[in-house]
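Remarks on the overall topology
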Amino acid sequence: MDAERISVAQACLAAAHDGSLSFPEIVGTLIRAGFEGYTVDYRRNSQTCYLPDGESVAMDFEPSPAGVAAAFDAPEIERLVRWAQTNPADYSYAAFSRKAKAAGCAGYIVSFAGRRVVYFGRTAETHVEHFPQ
């Protein structure tokens, strides 16, 4: 993968964690750079961005203090997504991630073409969120 795309992926990861870009802004930036989606793995503390040709870039991020809860709470994941979408003053990606892990979210897959995010638990339970229209 070329250095420019790697730089874009790294900048988007940093922007998610420091709050300088919203989810829609990050998605737009990654799409313009040619990515088709990405996966966040809360157990490994990593994010991988994928190109359509199979190339990918994996990046580590700082772990939050707690691990992923054993039980997957899909209604809580849905509530957290709605909270993030309203972008209230108390929202941050770090808080979202911490709460998602407490709700048993082991990670999520973002598909730009599919316009959806699939959140998954340690036992492969899932919750699907479609991008807002």
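This section reports on the structure supplied with the text. (Residues numbered from 1 in each chain as written. Predicted model: local features only at pLDDT ≥ 70, side-chain atom pairs only at ≥ 80, totals over all residues. Heavy atoms only, no water.)

**Side note on the sheet that holds strand β2 (residues 46-50)**
In space, the six strands of this open sheet follow the order β3-β2-β1-β4-β5-β6, with antiparallel pairing throughout. In the strand order of this sheet, the two ends are held by β3 (56-60) and β6 (126-130), each with one partner. Recorded for the sheet is a direction-independent mean angle of 15° between the axes of neighbouring strands. (Pairing = 2+ DSSP bridges. Helix = DSSP H or I, 4+ residues; strand = E, 2+ residues; numbered from the N terminus. Axes fitted to C-alpha atoms, helices over the stretch in contact; angles between N-to-C directions.)

**Observations concerning helix α4 (residues 93-102)**
Taken together, the buried positions of α4 are Tyr 93, Ala 95, Phe 96, Ser 97, Ala 100 and Lys 101. Gly 104 sits one or two residues past α4 and shows a positive phi near 85°. (Buried < 20%, exposed > 50% of the residue type's maximum accessible area, 1.4 Å probe, protein only.)

**Considering the pairing of β2**
For β2, the tally of buried residues reaches four of five residues, placing the bulk of the element in the interior. With five bridges connecting them, strand β1 (residues 37-41) and β2 associate as antiparallel partners. Bridging across to β2, Thr 39 finds its partner in Thr 48. Hairpin geometry of β1 and β2 is characterised by an intervening segment of four residues between the two adjacent antiparallel strands and by a positive phi of about 60° at Asn 45. Alignment of β2 against β3, held across five bridges, turns out to be antiparallel. Among the inter-strand pairings, Ser 46 is bridged to a residue of β3, identified as Asp 60. Counted along the chain from β2 to the antiparallel partner β3, the turn is five residues long, and its residue Gly 54 has a positive phi close to 100°.

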